[in-house]
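# Notes for the structure review
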Amino acid sequence: MAALTQGENVSASRARVRQFITPLAAAGVEVKEYVPCVESYRTPPRFLQGLGAWTLAKLAARLPGALATWRAEVAWIQRGLVPGRNGLEGFLKSPRILDVDD
């Protein structure tokens, strides 16, 4: 299973994905987490504010995980890949598990 999380320091990634990796492994389910190098909710540097370059950087940071879904049996997506944008979700391999909180 390829788990695409929001970022290394995002609490939702710890609470909604990482805490389940060890129990799933004990049950025989291998989970590989793909953390983007640009966290999903990080604000852009001042010089990039208002530019589409920041959105492109976030999409590019998601490419390794998106490609990895094609080597996995299941794609586990924590929220949308790039908040406020429909981007790579349609290109991920099915089946997909979308994990969102309320």
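In this report, we go over the structure that sits alongside the text. Quick caveat, the model's predicted, so the values are computed rather than measured.

### Some words on the sheet that holds strand E4 (residues 96-99)
Overall, parallel pairing links the four strands, which are arranged E2-E1-E3-E4 in an open sheet. Either end of the sheet is taken by a strand with one partner, and the two such strands are strand E2 (32-34) and E4. Geometrically, the sheet is characterised by an average inter-axis angle of 20° between neighbouring strands, direction not taken into account. Summarising the sheet, strand E1 (residues 2-4) and strand E3 (residues 75-78) pair through three bridges and their orientation is parallel. The residue bridging alanine 2 from the neighbouring strand is alanine 75, located in E3. With respect to the sheet, helix H1 (residues 11-26) is in contact with E1, E2, E3 and E4, its orientation differing from that of E3 by roughly 150°.

### Here we look at the nonpolar core
Listed in full, the eight residues of the largest apolar core are Ala2, Leu4, Ala66, Ala72, Ile77, Leu81, Leu88 and Leu92. For leucine 92, the residues in contact, after removing those within four places along its chain, are Leu4, Ala66, Thr69, Trp70, Ile77 and Leu81.

Rules used throughout
Residues numbered from 1 in each chain as written. Predicted model: local features only at pLDDT ≥ 70, side-chain atom pairs only at ≥ 80, totals over all residues. Heavy atoms only, no water. Pairing = 2+ DSSP bridges. Helix = DSSP H or I, 4+ residues; strand = E, 2+ residues; numbered from the N terminus. Axes fitted to C-alpha atoms, helices over the stretch in contact; angles between N-to-C directions. Contact = heavy atoms within 4.5 Å. Core = buried A, V, L, I, M, F, W, Y, C linked by side-chain atoms within 4.5 Å. Buried < 20%, exposed > 50% of the residue type's maximum accessible area, 1.4 Å probe, protein only.

Everything listed is a geometric property; what it means functionally is a separate question.
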